[in-house]
Amino acid sequence: MQTKTNLSKVLVLAMLILAFGACTAVEEEQQQRPNILFIMSDDHAYQAISAYSDQLINTPHIDRLAKEGMLFTNACVTNSICAPSRATILTGKHTHINGKIDNITPFDTTQVTFPQLFQAAGYETAMYGKLHFGNNPKGVDDFMILPGQGSYINPRFITADGDTTITGYVTDIITDLTIDWLDQKRNPEKPFLMMYLHKAPHRAWWPSPEKFERFSKKTFPEPASLFDDYQNRGTAAKEAAMTISDEMLLSYDNKVLPEAVSDLDIDDDPRSARFFRGNEYRRINKEQKNLYQPILDSIAEDFKARWPSMSDEERRSWKYQRYMQDYLGCISSVDDNVGRVLDYLDENGLAENTIVVYTSDQGFYLGEHGWFDKRFVYDESFKTPLLIRWPNEITAGTTNDEMVQNLDFAQTFLEAAQIKAPEDMQGESILPLLKGEPEQWDREAVYYHYYEYPGAHMVKRHYGIVTKDYKLAHFYYDVDEWELYDRNKDPQEMRNVYSDPAYAEIVATLHEELDQLRVKYQDSPTLDQKYIDIYEERKRKREENKK
Ligand code: SGN
Ligand code: CA
């Protein structure tokens, strides 16, 4: 009897030890699962990060991620525009599959987005800043998002408990909220996923008063193709409405006070005065206005003194300088604020096991080809900045030139967090690249497809294939034109060599590979037509409403 009792005691003890042991193993594993801090800005060109190029601006804090982590020199998007890029990031699917073809079409919220999977797997999740979907995010324990494009100054936020307006500058505020969540709101027992999403430097490029003052005194080097004449290209480049000379607006974009424009009897686009007469300027309080006014006055004075005697070229250069002063002023605030968040991670022992990603929803033209905005498969808009730090896994100071895409984020994060990715996601985890195992990576080409046409900036619909060496694109809908660029010989993409006999063989191979990519990713002429029909239907409804 005695022996039996002893035996059962031993058994209970053994079970307890086992259970306890198993519990700590799970806990340990949970603790080891990395935190993810996903930092994304809106329209941040890689040309405006000093880790990529020090021509325009010094961004010491963003650069830290390259120094302490990995810099991707060939990262790109699948569709270079805001909301579609975000939909691709969240679903891990190309536009034609997730259906978010442009900024207008609603996002189908029945789709699985990766934060939902993180939440279900025990992560603490949050999203702060710009989402631009027209609906609230799913799978986040907490969120504060800007409505639509949001405002630079005294922005309104949508939260689960209703709306709130916060006084101050949007980039600083989103950062304050993010740090507050990390510090006070999250459950520190769980690993976290934080989506920290800046509105800046989106048009209309409105810097904080301090940066506005400082940057308005600077002069920046002009890009080689600022005076591009679009020879040797297709119709699409010639017809796009995104030139600094014609489509950049004097008041709205360049912050020339409307009075100064009308004093010179210039017929500025009526949309231009919207900035000063509309909600964006009216929401600024008196104290803030007093800070902006002297700088606005000096811009107006300079404009009035110089504009009348300037040539067209000089006017384009003048507008380019004003554009860069404001755009880079916005970037400078983003950089300062990224620095604040990195400091927070350092000070709280979170740096080692947090994957910090810095990226943008796409690239942007900073005067290249005479443009601003994005949309094209050409490099400045197709490529996007990507810097990743994860001290536990990534060798500091490494550079990677593989063609990774915004399509890959979901699967990368899921794998890092040991969560199973849904079978129908279309990207690839870039974990092997982060861990320095490039032999496990065999992608040689990526697929691109842009839809928002006819629409803002009038960039024609196109799809294409991009390899490290070439870019082949088909512009369709109201044209039927093919373009081929030799990325090594013509990095500025000034010469379409599609019809050059020297490239005939390459053209044939790329056509074949493009067909294969369309099959692989399940894109097709039927889908092209489906997404044209949506536009036709929208147009029909608009015309019906006019009657
Ligand atoms: C607004 C801008 C455009 C910009 C789109 C899309 N015009 O319409 O210049 O291309 O957003 O940007 S503005 O007059 O409102 O500034 S995106 O980042 O949301 O895709
Ligand atoms: Ca954008």
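Above this text you will find the structure in question.
The shown structure was predicted, so the numbers you read here are calculated from the model rather than taken from an experiment.

A. How the structure looks around the coordination of the calcium ion (ligand 2). Bound to the calcium ion (ligand 2) are the protein donor atoms Asp42 (OD), Asp43 (OD), Asp361 (OD), Asp361 (OD) and Gln362 (OE1), situated 2.1 to 2.8 Å from the metal. Each of the six donor atoms around the calcium ion (ligand 2) contributes to a set of angles spanning 50 to 169°, which defines the coordination as irregular. Donor residues binding the calcium ion (ligand 2) come from one chain and are separated in sequence as D-D-x317-D-Q. Highlighted residues: Asp43 in the loop between strand 1 (35-41) and helix 2 (60-67) and Asp361 in the loop between strand 8 (354-360) and helix 14 (379-382), separated in sequence by 318 residues. With respect to burial, Asp43 and Asp361 carry one shared label: buried.

B. Looking closely at the pairing of strand 1. Judged by how many residues are buried, strand 1 sits mostly within the fold: seven of seven residues are covered. Of the two faces of strand 1, both are covered, the one formed by Asn35, Leu37, Ile39 and Ser41 as well as the one formed by Ile36, Phe38 and Met40. Pairing analysis gives seven bridges linking strand 1 to strand 8, with the strands arranged parallel. Paired with Ser41 across the two strands is Ser360, which belongs to strand 8.

C. Helix 6 (residues 170-185), seen in detail. All of the buried residues along helix 6 are Val170, Thr171, Ile173, Ile174, Thr175, Leu177, Thr178, Ile179, Trp181 and Leu182. Elements that come into contact with the buried residues of helix 6 comprise strand 3 (124-129), strand 4 (142-145), strand 5 (156-159), strand 7 (192-197) and helix 13 (312-347).

D. Quick peek at the sheet that holds strand 14 (residues 481-486). Ordered in space as 11-12-13-14, the four strands form an open sheet in which the pairing is antiparallel. Among the strands making up the open sheet, the edge pair consists of strand 11 (445-450) and strand 14. Between one strand and the next, the sheet's axes are offset by a mean angle of 15°, whatever the strand orientation. In terms of strand pairing, strand 11 meets strand 12 (residues 462-467) through six bridges, oriented antiparallel. Following the sheet pairing, Tyr448 is matched in strand 12 by Gly464. The strands touched by helix 17 (residues 504-520) are strand 11, strand 12, strand 13 (470-475) and strand 14; relative to strand 12, the strand with the most contacts, the crossing angle is about 110°.

E. Here's a closer look at the site of ligand 1. As a structural note, the neighbourhood of ligand 1 is formed by 16 residues, with Cys82, Gln149, Asp373, Arg375 and His457 the closest of them. Here Gln149 contributes a side-chain N or O atom positioned 2.8 Å from an oxygen atom of ligand 1. In the environment of ligand 1, an oxygen atom lies 3.2 Å from a nitrogen or oxygen atom belonging to the side chain of Arg274. Contact with the protein chains hides 85% of the accessible area of ligand 1, taken as 450 Å² for the molecule alone. Residue composition of the shell around ligand 1, by class: three nonpolar, five polar and eight charged.

F. How the structure looks around unusual backbone geometry. For the bond from Ala200 to Pro201, the omega torsion is -5°, close enough to zero to count as cis. Among the structural elements, Pro201 can be located in the loop between strand 7 and helix 7 (209-215). The step from Arg203 to Ala204 runs through a cis peptide bond, and the omega angle for that step is 15°. With respect to the helices and strands, Ala204 occurs in the loop between strand 7 and helix 7.

G. Representation of helix 17 in the model. With 17 residues, helix 17 extends 24 Å from end C-alpha to end C-alpha; this agrees with the ideal 24 Å at 1.5 Å per step. Tucked inside the fold, the buried residues of helix 17 contact strand 11, strand 12, strand 13, strand 14 and helix 18 (525-546). Immediately beyond the C-terminal end of helix 17, within one or two residues, lies Gln522, with a positive phi of roughly 65°.

H. Representation of the sheet that holds strand 7. Spatially, 6-5-4-3-7-1-8-9-2-10 is the arrangement adopted by the ten strands of the open sheet, whose pairing is mixed. Both outer strands of the open sheet, strand 6 (162-165) and strand 10 (398-400), are each paired with one neighbouring strand and no more. In this sheet, neighbouring strand axes are inclined to one another by 15° on average, regardless of whether the strands run parallel or antiparallel. Note that strand 2 (residues 70-72) and strand 10 share three bridges and pair parallel. Residue Phe72 lies in a different strand from strand 10, and its bridge partner there is Asn400. Against the sheet, helix 2 makes contact with strand 2, strand 8, strand 9 (386-389) and strand 10, and its axis sits at roughly 65° relative to strand 9, the strand it touches most.

Criteria and thresholds
- Residues numbered from 1 in each chain as written.
- Chains lettered and ligands numbered in written order.
- Predicted model: local features only at pLDDT ≥ 70, side-chain atom pairs only at ≥ 80, totals over all residues.
- Heavy atoms only, no water.
- Donors = N, O, S within 2.8 Å, 3.2 Å for Na, K, Ca; no water.
- Tetrahedral: all angles 85-135°; square planar, octahedral: opposite > 155°, others 65-115°.
- Helix = DSSP H or I, 4+ residues; strand = E, 2+ residues; numbered from the N terminus.
- Buried < 20%, exposed > 50% of the residue type's maximum accessible area, 1.4 Å probe, protein only.
- Pairing = 2+ DSSP bridges.
- Contact = heavy atoms within 4.5 Å.
- Axes fitted to C-alpha atoms, helices over the stretch in contact; angles between N-to-C directions.
- Near = heavy atom within 4 Å.
- Polar contact = N/O pair within 3.5 Å; in protein donor to acceptor, adjacent residues only side chain to side chain.
- Areas by Shrake-Rupley, 256 points an atom, 1.4 Å probe, with all protein chains shown as cover.
- Nonpolar A, V, L, I, M, F, W, Y, C, P; charged D, E, K, R; others polar.
- Expected span 1.5 Å × (residues − 1).

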